[in-house]
Amino acid sequence: GGLGIPVVDADLEQALSAGLDDVEGRLLAAIKSDDEVLDEASRHLVTAGGKRFRPTLTLLAAAFGDVDGPGVAPAAAVVELTHVASLYHDDVMDEAELRRGAPSANARWDNTVAILTGDYLFACASVLLADLGPDSVRIQAKTYQRLVQGQLRETVGPAAGTDPVEHYLSVLSDKTASLIAASARLGALHGGVAAEDVEVLARYGERVGMAFQLADDLLDIAGESAISGKRPGTDLREGVATLPVLYARRSARPGDERLLELISGPITDDDAHAEALALLREHPAMSEARDEVRRWADDARTTLATLPDVPARRALEALCDTVVTRTR
Ligand code: FPP
Ligand code: MG
Ligand code: MG
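Residues numbered from 1 in each chain as written. Chains lettered and ligands numbered in written order. Predicted model: local features only at pLDDT ≥ 70, side-chain atom pairs only at ≥ 80, totals over all residues.

Looking at an unreviewed UniProt entry, the protein chain carries the name Polyprenyl synthetase family protein, with the source organism given as Phytoactinopolyspora halotolerans. For the record of the protein chain, the UniProt heading Sequence similarities (unreviewed entry) holds the text "Belongs to the FPP/GGPP synthase family." (UniProt positions renumbered as here; feature names shortened; annotations may be inferred.)

S.K.: Just checking my understanding: could you explain the site of ligand 1 for this structure?
M.R.: Neighbouring ligand 1 are 18 residues, the closest being Ala85, Ser86, His89, Asp90 and Leu147. At five residues, the largest contribution of residues to the shell around ligand 1 is made by helix α4 (residues 72-93). Each residue belonging to the shell around ligand 1 can be placed in one class, and the counts come to six nonpolar, six polar and six charged. (Near = placed C-beta within 6 Å. Helix = DSSP H or I, 4+ residues; strand = E, 2+ residues; numbered from the N terminus. Nonpolar A, V, L, I, M, F, W, Y, C, P; charged D, E, K, R; others polar.)

S.K.: Looking at this structure, how should I read the environment of Leu279?
M.R.: Of note, Leu279 is situated in helix α14 (residues 270-281). Discounting chain neighbours no more than four positions away, the residues touching Leu279 are Arg258 and Leu259. (Contact = placed C-beta atoms within 7 Å.)

S.K.: Would you explain the packing of α4 against helix α6 (residues 111-130) in this entry?
M.R.: The description of two helices packed together rests on the angle between their axes and the distance between the axes. Two elements in contact, α4 and α6, have axes whose closest approach is 8 Å; the angle formed by their N-to-C orientations is 165 degrees. One way to sum up the angle between α4 and α6 is to call them roughly antiparallel. The two elements α4 and α6 cross, and the hand of that crossing is left-handed. Contacts between α4 and α6 involve Pro74, Ala77, Val78, Leu81, Thr82, Val84, Ala85, Tyr88, His89, Asp91 and Val92 on the former and, on the latter, Asn111, Ala114, Ile115, Thr117, Gly118, Leu121, Phe122, Cys124, Ala125, Leu128 and Leu129. (Axes fitted to C-alpha atoms, helices over the stretch in contact; angles between N-to-C directions. Parallel < 35°, antiparallel > 145°, perpendicular 65-115°, else oblique. Left-handed = near helix turned anticlockwise from the far one by under 90°.)

S.K.: So what exactly am I meant to see when it comes to unusual backbone geometry here?
M.R.: Keep in mind that most residues, glycine aside, have a negative phi and that most peptide bonds are trans. At Glu95, a residue that is not glycine, the phi angle is positive and equals roughly 50 degrees. The partly exposed category is assigned to Glu95, around which 13 C-beta atoms lie within 10 Å. Its identity is not glycine, yet Ala252 carries a phi of approximately 35 degrees, on the positive side. Along the chain, the position of Ala252 falls in the loop between α12 (243-251) and α13 (257-262). Given 11 C-beta atoms within a 10 Å radius, Ala252 is considered exposed. (Buried ≥ 20, exposed ≤ 12 C-beta atoms within 10 Å, placed from the backbone.)

Structure follows, in structure tokens:
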């Protein structure tokens, strides 16, 4: 189920729950296919019980205006479809076997089916976008460019002589924060929110999106598979250096030699992988990285200061804490 943010206002709670139900129906209708494999493969992750973080944000941003605006629920469906599309591709690239507690599409079928299903879902999002108008199409298309750019830069890694932490943060901004910012922006636009508040909500999305992915990267190391629905240590296995790894490398305390050797590249050996995971979990770099999540979440909260003091604002404030403490 959903995110479980404490929404203190009964009307907002009701609007949010009705809105999310509406989005669920639209997601299923949008992906329906006469092709049996596409139908099953696309339902596979769409119905696997995601948090619906992005649609929730779309609805909350819209709630600064009219949450029942005709474009709001379709926009929320668009961002979730785009997100899920990117997960099918991401799991191929990461060779991930588990997603949302189920076998990834590449594990359940194969890479080709997973890639084509991702393409299909992206096409489904585009069909919905066509009815939302050119501004929405442009927002989504520019976001898609950033998703691809972030994902590519993660794969390529930092250029020689550049700061790896800066590189990592720019990857996160493009591969994750971009779509979360777009989720807020589209909701605000279709809710008819005042232009300056649309910008504030998009900036909030960018920042809370950074916190969201930083927390995701921590979960990859410290998370429990039974709760996160993913297999821990995927980044380590693939040699994707996330913040705890970068901080551990930077501090390089005496006694860290074994860990640094283990995390110098991709890890194929299961014992080495388990050892690296255990050493990293105990390393102070983890709490430094947690501080960084908190900083982004606090920045996100501060961004909201100029918005009207409505229940949706308090829900977005609460969302900052949810992102920091999330376990899945
Ligand atoms: C998950 O990161 C991946 C992303 C946030 C972006 C993926 C983007 C693409 C594949 C390009 C765009 C493609 C389409 C079809 C829109 P992660 O691997 O760190 O997270 P995880 O732990 O959830 O796997
Ligand atoms: Mg991944
Ligand atoms: Mg990835």
